[in-house]
Amino acid sequence: MSVKIKRIYEPYSPTDGYRILIDRLWPRGVKKEGAHIDKWLKAIAPSTALRKWFDHDPEKWEEFRKRYHDELKRSTAISELAAYVHEHKTLTLLFAAKNEKYNDAIALQQFIDHHSQP
């Protein structure tokens, strides 16, 4: 099993495997017909309040990650995502954020990695 992350604006590749958009809002400028998305899992995204509070501020990264992981522990969407992770050899989490170092996709990937280890 491999869980990758990728900006939705990057070109589609067959090596992406099963592609899940993890943003609550549809990305600007992306047409649904050409997005190559297998699933749009809005419920896995951080709450609107948390997303707005964080605003991709590197100073808030650690606290954002902690709060988002707490939200994920209470989310029913995490079990749906876990099923996709176990069902597909390769899975790519798609996100729209410009900041590729501090975003919810990275925090979600870390959560998955941490909770999938024996």
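Preceding this paragraph is the structure being described.
As the structure is a prediction and not an experimental result, all values here were calculated from the model.

About the thresholds
- Residues numbered from 1 in each chain as written.
- Predicted model: local features only at pLDDT ≥ 70, side-chain atom pairs only at ≥ 80, totals over all residues.
- Heavy atoms only, no water.
- Core = buried A, V, L, I, M, F, W, Y, C linked by side-chain atoms within 4.5 Å.
- Buried < 20%, exposed > 50% of the residue type's maximum accessible area, 1.4 Å probe, protein only.
- Helix = DSSP H or I, 4+ residues; strand = E, 2+ residues; numbered from the N terminus.
- Phe/Tyr/Trp six-rings, centres within 6.5 Å; stacked < 30°, edge-to-face > 60°.
- Lys NZ or Arg CZ within 6 Å of the ring centre and 35° of its normal.

Further remarks concern the nonpolar core. In terms of nonpolar packing, the biggest core is built from 28 residues, with Ile-20, Ile-44, Tyr-68, Leu-81, Leu-91, Leu-93 and Leu-108 touching the most fellow members. When residues of this core are traced back to their parent elements, those giving at least two are strand 2 (18–21), helix 1 (48–54), helix 2 (61–74), helix 3 (77–87), strand 4 (90–95) and helix 4 (104–116). At six residues, the largest contribution of residues to this core is made by helix 4. Listed in part, the six residues of the second largest apolar core include Leu-21, Val-30, Ala-35 and Ala-96.

For the structure shown, the criterion picks out seven aromatic pairs. With 5.2 Å between their ring centres and 20° between their planes, Tyr-18 and Tyr-84 make a pair best called stacked. In this pair, Tyr-18 sits in strand 2 while Tyr-84 sits in helix 3, placing the two residues 66 residues apart along the sequence. We note that Tyr-18, like Tyr-84, is buried. When the ring of Trp-61 is compared with that of Phe-64, the centres are 5.9 Å apart and the planes differ by 35°; the resulting orientation is tilted. Here Trp-61 pairs with Phe-64, and both are found in helix 2, just three residues apart, close to one helical turn. Comparing Trp-61 with Phe-64 shows no difference in burial state: the two are buried. Against the face of Trp-40 rests Lys-42, its NZ or CZ located 4.3 Å from the ring centre.

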